[in-house]
Amino acid sequence: MVEPPGDRILVTGALGQIGTELVSELRKKHGNDTVLATDIREPDNDRYFPEGPFCNLSVLDGEAMEKTVTDEGIGTVYHLAAILSATGEKNPELCHRVNVGGTVTVLETARDFGLKVFVPSSIAVFGPDSPRIAPQKATLNPTTTYGKTKVTGEVLGMNYFKQYGVDIRGLRYPGLISWKAPAGGGTTDYAVDIFHAAINDGHYNCFVSEDTRLPMMYIDDAIMATEMIMQADGSSLGTSRAGYNIRGCSFTAGELADRISLRIPEFTCDFNPDFRQKVADSWPNDVDDNPAKDDWGWEANFNLDRIVDEMLENLRKNQSS
Ligand code: NAD
Ligand code: SER
């Protein structure tokens with residue numbers, strides 16, 4: 001492997017739900033100027049990172065990626081740019097182009113410049129034939145375009161690790177719940193949107209059925225898992241290094257609405273499933289994350305009650321400030 005051009009960190013898709021929080025955490029740990037936030041979009045006022053550098057970068061532009069890596073002295077890439085499941089079902093060609101094409105751009109650059117890479121995977125790698133509590137090792141037959149791109153991402157990642165020694169690491173994130181940035185066009189967005197609706201309107205029209213149960217995780221746990229796997233000794237990572245299952249909690253849309261009602265008694269919720277129900281039904285109810293626990297010590301902190309308390313408290317504070 002060649003020596004990387006430097007030890008700075010590049011984050012793709014940095015203006016999204018995860019990037020908004022990951023960039024801040026990485027900057028706290030490594031210093032503001034060390035972390036270069038990039039996205040295809042221009043930052044708006046709400047999601048601008050005034051404490052450190054930002055530049056426009058499309059993950060489909062390999063030349064621009066290489067130039068940025070060399071000019072900016074990059075050693076590590078957190079590759080978050082993607083099209084999520086619901087948007088992907090509406091525009092499968094874009095989803096395939098960005099998710100697979102973008103990952104190839106990042107992996108090729110990583111091979112040529114000796115970079116360490118984080119590429120997130122998803123519970124969407126599982127399909128209807130997976131056990132409802134999905135094990136780490138399962139036959140991966142996703143029905144969505146998004147899920148197929150995530151399986152391809154894991155396979156590509158393992159190939160670049162085995163053939164070229166690229167230090168690739170990845171997590172199969174569950175649906176992520178956060179309050180700083182909106183969810184970005186996924187099927188699990190209802191578990192974020194419901195909090196905004198509860199506070200602003202006292203009512204939510206949920207696009208999946210009351211009994212839809214999916215694996216979920218609070219953003220703080222997801223950021224912690226990301227940092228943990230990136231810091232883990234490479235020799236402790238097994239054959240799942242491109243996509244470890246990580247468990248946060250698992251609950252139905254109805255249970256989530258009930259927990260919010262306990263805290264906001266006037267809150268009401270209707271359940272009117274749309275096309276995203278089919279996507280949700282193809283995913284597991286929960287995941288088994290024993291390999292992540294065994295290999296690098298993973299353990300989540302947030303259960304459903306704690307997530308609901310944190311979300312309501314932070315959204316209210318944010319509104320009143
Ligand atoms: P998001 O949709 O909120 O953000 C993605 C970002 O990528 C956006 O800011 C978008 O502008 C950017 N982008 C799109 N096309 C681009 C391109 N060509 N070049 C550069 N940037 C581009 O997504 P997120 O929720 O932050 O997800 C980040 C990663 O985590 C994705 O790989 C996603 O599949 C994965 N993931 C997310 C969740 C979740 O619940 N949020 C769950 C599982 C996996
Ligand atoms: N939260 C993501 C989605 O719903 C799962 O990867 O698309």
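Our subject is the structure that appears above.
Residues numbered from 1 in each chain as written. Chains lettered and ligands numbered in written order. Predicted model: local features only at pLDDT ≥ 70, side-chain atom pairs only at ≥ 80, totals over all residues. Heavy atoms only, no water.

Caption draft 1: The arrangement of the overall build of the protein chain in detail. When you go through the protein chain residue by residue, the secondary structure sums to 11 helices and 16 strands. Taken against the 2.2 N^0.38 rule, which gives 20 Å for 321 residues, the C-alpha radius of gyration of the protein chain at 19 Å falls within 12% of a compact globule. By the burial criterion, 55% of the 321 residues in the protein chain qualify as buried. For the protein chain, the share of sequence-separated contacts (at least 6 apart) that also reach a separation of at least 24 residues comes to 80%. One finds the centroid of the 30 positive side-chain charges in the protein chain at a distance of 2 Å from the centroid of its 47 negative side-chain charges. (Helix = DSSP H or I, 4+ residues; strand = E, 2+ residues; numbered from the N terminus. Rg over C-alpha atoms; globule rule 2.2 N^0.38 Å. Buried < 20%, exposed > 50% of the residue type's maximum accessible area, 1.4 Å probe, protein only. Contact = heavy atoms within 4.5 Å. Lys, Arg positive; Asp, Glu negative; His and termini not counted. Charge placed at Lys NZ, Arg CZ, Asp CG, Glu CD.)

Caption draft 2: How the structure looks around the environment of Asp305. Note that Asp305 resides in helix α11 (residues 304-320). In sequence terms Asp305 and Tyr48 are 257 residues apart; their C-alpha atoms lie 31 Å from each other. Not counting the four nearest positions on each side in its chain, Asp305 is found in contact with Arg259 and Arg263. Here Arg259 takes part through its side chain, which lies 2.8 Å from a polar atom of the side chain of Asp305. (Polar contact = N/O pair within 3.5 Å; in protein donor to acceptor, adjacent residues only side chain to side chain.)

Caption draft 3: Geometry of the site of ligand 2. Surveying the vicinity of ligand 2 reveals the residues Leu84, Ser85, Ser122, Tyr146, Gly186, Thr187, Thr188 and Trp283. Contact distances for ligand 2 include 2.6 Å between an oxygen atom and a side-chain N or O atom of Ser85. For ligand 2, whose unbound accessible area comes to 240 Å², protein coverage reaches 92%. A class-by-class count of the residues in the shell around ligand 2 yields 3 nonpolar, 5 polar and no charged. (Near = heavy atom within 4 Å. Areas by Shrake-Rupley, 256 points an atom, 1.4 Å probe, with all protein chains shown as cover. Nonpolar A, V, L, I, M, F, W, Y, C, P; charged D, E, K, R; others polar.)

Caption draft 4: Structural view of the site of ligand 1. In the neighbourhood of ligand 1, 27 residues make up the surrounding shell, with Gln17, Asp39, Arg41, Tyr146 and Lys150 lying closest. Tyr146 is positioned with one of its side-chain polar atoms (N or O) 2.5 Å from an oxygen atom of ligand 1. Here ligand 1 loses 93% of its free accessible area of 840 Å² to cover by the protein chains. Where the shell around ligand 1 is concerned, the elements lending two or more residues are α1 (17-30), β6 (121-122), α5 (145-164) and β10 (175-177). The residue makeup of the shell around ligand 1, split by class, is 15 nonpolar, 9 polar and 3 charged.

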